[in-house]
Amino acid sequence: MSDLKRTPLYDLHVELGAKMVPFAGYEMPVQYPLGVMKEHLHTRAQAGLFDVSHMGQVIVPGADAAEAFEALVPVSLMGLKEGRQRYAMFTNDEGGILDDLMVANRGDHLFVVVNAACKEADIAHMRAHLDQVEEITDRALLALQGPAAEGVLEALVPGVAAMRFMDVGISQWNGVELWISRSGYTGEDGYEISVPADRAVEFAKTLLADEAVEPIGLGARDSLRLEAGLCLYGHDIDTTTSPVEGNLSWAIQKVRRKGGEREGGFPGADRILTELEEGPSRLRLGLRPEGRAPMREGVEIFASAEGGAPIGRVTSGGFGPSIEAPMAMAYLPADTAEGTTVYGEVRGKRLPATVVPMPFRPSTYKR
Amino acid sequence: MKFTEDHEWLKTEGDLVIVGITEHASEQLGDVVFVELPDVGDEVSKGDEICVIESVKAASDILAPLDGEIVEINEDLADNPGLVNEDPLGKAWFFKMKLADASALEGFMDEAAYKDFIG
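As the structure is a computational prediction, the values presented were derived from the model and not from experiment.

Enquirer: Where do I start with the domain arrangement of chain A in this structure?
Expert: Interfaces are often sized by the amount of accessible area the parts lose when they come together. Residue and element names in this part refer to chain A. Each assigned domain of chain A is listed with its residue range as follows: domain 1 (10-56 + 137-227) and domain 2 (281-367). Placing the centre of domain 1 and that of domain 2 at their C-alpha centroids yields a distance of 30 Å. Counting from both sides, the interface comprises 15 residues of domain 1 and, opposite them, 18 residues of domain 2. Summed over both partners, the interface of domain 1 with domain 2 comes to about 1500 Å²; 58% of that surface belongs to carbon and sulfur atoms. Taken together, the links from domain 1 to domain 2 amount to three salt bridges. Measuring nitrogen to oxygen at the nearest pair gives 3.2 Å for the salt bridge that ties Glu188 to Arg361. Where domain 1 packs against domain 2, one counts 12 residue pairs in polar contact (both at pLDDT 80 or more). Of all the elements in the fold, those that place two or more residues in the side of domain 1 that touches domain 2 are helix 2 (36-45) and helix 7 (218-227). Looking at side-chain class alone, the side of domain 1 that touches domain 2 contains four nonpolar, three polar and eight charged residues.

Enquirer: Help me out: how do you make sense of the side chain of B:Thr22 in this one?
Expert: Here B:Thr22 shows up in the loop between strand 3 (16-21) and helix 1 (23-29). In this view, B:Thr22 contacts B:Phe3, B:His7, B:Glu8, B:Trp9, B:Pro88, B:Leu89 and B:Tyr114; residues no more than four positions away in its chain are not counted.

Basis of the calculations
- Residues numbered from 1 in each chain as written.
- Chains lettered and ligands numbered in written order.
- Predicted model: local features only at pLDDT ≥ 70, side-chain atom pairs only at ≥ 80, totals over all residues.
- Heavy atoms only, no water.
- Domains from an automatic or database assignment.
- Contact = heavy atoms within 4.5 Å.
- Buried area = accessible area lost by both parts, 1.4 Å probe.
- Salt bridge = Lys/Arg side-chain N within 4 Å of Asp/Glu carboxyl O.
- Polar contact = N/O pair within 3.5 Å; in protein donor to acceptor, adjacent residues only side chain to side chain.
- Helix = DSSP H or I, 4+ residues; strand = E, 2+ residues; numbered from the N terminus.
- Nonpolar A, V, L, I, M, F, W, Y, C, P; charged D, E, K, R; others polar.

Structure below.
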């Protein structure tokens, strides 16, 4: 794995007994000795610590950064208050999604977090359209997620308990700045914390010293985000899916839609605004397979138990340790009603699944 | 007990063979969440994919170790697939089969050879 990059926490992962795997060009922990199932359940019951340092951290400076950035995303950033963060996606001219991201307004600049696998392309994309784009390469990014996260972090960094979901702020810890947002990728309350790389191990060990906190790998991160109904870029959304098809219309504020004050003005606006008005032909929907057999990515979905052409395909699927049942996301005809029974073809057999609303498990954000 | 290169264990019980997966295999699979078993009465040939094990990570197959007939399956695994992680060599047996040729068992590894095999 010599061509792979390592995060500042690599040695700590190995010391903690992690199984390391290649992921988006990095050697990352897929699981620790606890195992995927228990890591998942521990995060829901107490708190999990995730190394997400492989993700891209970017600063876009300037008083007009929000306005300029709106040319790349169908989201209102001029309406984003200082100290707040918002979910967004870079779109292409065809209305597909180049990546999904978080954008925070930190007063005199935007702080942007993008997916690891897309970060080089994202930064090139931003540089092509924005005057100043600073990639932050000297900071690690950790996520502390779960019901105990607030108490654990508040003990180290007083004040964070007062933050609400999607608030961002800068706090001091042992002489260094922590860039903290109250958000995450698990459906749990929690925080994402950017810490200087040379203090990341010390910070992670301090969090892990609390008995409520266990290190959590990519395996459980995936089952947690899937239960929370959250998209994984490159699987549930990509350049061929529009934000509307991806069931992400909630992220597109009125001001950027037809008739809004800043209507359009982002790549692919024609398609996306039309789909918002008239509805898309297909939609990312949740499925609950009957029985225990998971329907994984690539499983074709049919309208009936026999015959007919596929009506869709699973983009993410697996077993949800908290819901104790399989779950999947699939693109299906947009008029497919909740409660409809469809059939996923698993190993040559068509197994029934019910179309259900997402998240599969209610999220517990501190709104 | 005998072992296959596909990480199955085989134990004789009268004229039947009980088949399960090894501790090593269960560790590699991770937490098992679903097991699909063959039907009693199935005539199987060596190498047939006759069981599916789904873990939190992926799906894997169990192959028929030899030619024969499935005479009993472990129904407990359907309700409690986690047994495969808890007790792979005991309660989590998968099926019992009647071999077409009982002497074929001799070709498999013993425990020491299997330990060498997995390193």
